[in-house]
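Residue strings, one per chain:
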Amino acid sequence: MSKKLPAPEDDEALARAVRDSAQQIWQAGLGAFAKAQEEGGSAFTRLVRDGSALQKRAREVEEATDIVGRKASRAVTRENRRTGGSWGKLEQVFEDRVARALATIGVPAASEVEALRRRVDELERTLAELAGRLPASPAPRKRRGAKALDEPEDGEGA
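The following paragraphs examine the structure supplied in this document.

Observations concerning the overall build of the protein
A tally of regular secondary structure across the protein gives three helices and zero strands. Scored against the burial criterion, the 158 residues of the protein give a buried share of 4%. A total of about 14,200 Å² of accessible surface is found on the protein, and carbon and sulfur atoms cover 58% of it.

Describing a positive patch on the surface
Judged by side-chain charge, Arg70, Lys71, Arg74, Arg78 and Arg81 come together as a positively charged surface patch. If you trace the backbone, Arg74 turns up in helix H2 (residues 41–104). Exposure remark for Arg74: the relative accessible area of 47% places this residue in the partly exposed category.

Let's talk about helix H1 (residues 11–39)
An ideal rise of 1.5 Å per residue puts 42 Å on 29 residues; H1 measures up with 42 Å between its terminal C-alpha atoms. Every buried residue of H1 is accounted for by Ala13, Ala17 and Ser21. Backbone geometry just downstream of H1 places Gly40 in the positive-phi region, at approximately 80°.

Criteria and cut-off values
Residues numbered from 1 in each chain as written. Predicted model: local features only at pLDDT ≥ 70, side-chain atom pairs only at ≥ 80, totals over all residues. Heavy atoms only, no water. Helix = DSSP H or I, 4+ residues; strand = E, 2+ residues; numbered from the N terminus. Buried < 20%, exposed > 50% of the residue type's maximum accessible area, 1.4 Å probe, protein only. Areas by Shrake-Rupley, 256 points an atom, 1.4 Å probe, with all protein chains shown as cover. Patch = residues over 30% accessible without salt bridge, like charges linked within 9 Å, V, L, I, M, F, W, Y side chains within 5 Å. Salt bridge = Lys/Arg side-chain N within 4 Å of Asp/Glu carboxyl O. Lys, Arg positive; Asp, Glu negative; His and termini not counted. Charge placed at Lys NZ, Arg CZ, Asp CG, Glu CD. Expected span 1.5 Å × (residues − 1).

Structure (C-alpha cells):
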C-alpha cells in the first residue's frame, strides 16, 4: 500500500487508486483472518489475555491518576487559603512603607490635601463675605481639569 494517490484533478485515476487501496485493505483483512484460523483458538485466547492485562493496567493507572489529582487539588486549596491572608498582610506592609517613605520626603497624604482644600474653600468664602461678593449659597469650587459650572463654554457669552 505504498502507492501514491494521483492529483485530485484526475477524477478517474483517483477513483481507481481508491478502489485499488480498498481491495488491498480487504485482502489484508482476509489474510489476517486466515492466519488467525491457522493458529487456532490459542492466538485468540492470547490476544484476549493480553487485552485484559492491558485493560487492568489502564484502570490502575486511571485510579492512581484520580487519587493524585484529588490530593493535588486539596493541596492547592490549602495553599490558596494559607497564602491568601499572607498576600493581604504583604499588601498592607507595602502600603504602610510607601506612605512612610512619602511622608519622609514631605509628600502630603491624600487626607491632608483634602483637609487643605476644605480650608482654602472656607477662607475663600470668608474673603468673599468680607468683600460683599458672596452669593446666598457658595458657588461650586473648580477642580483641576474640570470647568466651574458658571463659566461659559468656548463660543458662548462674552
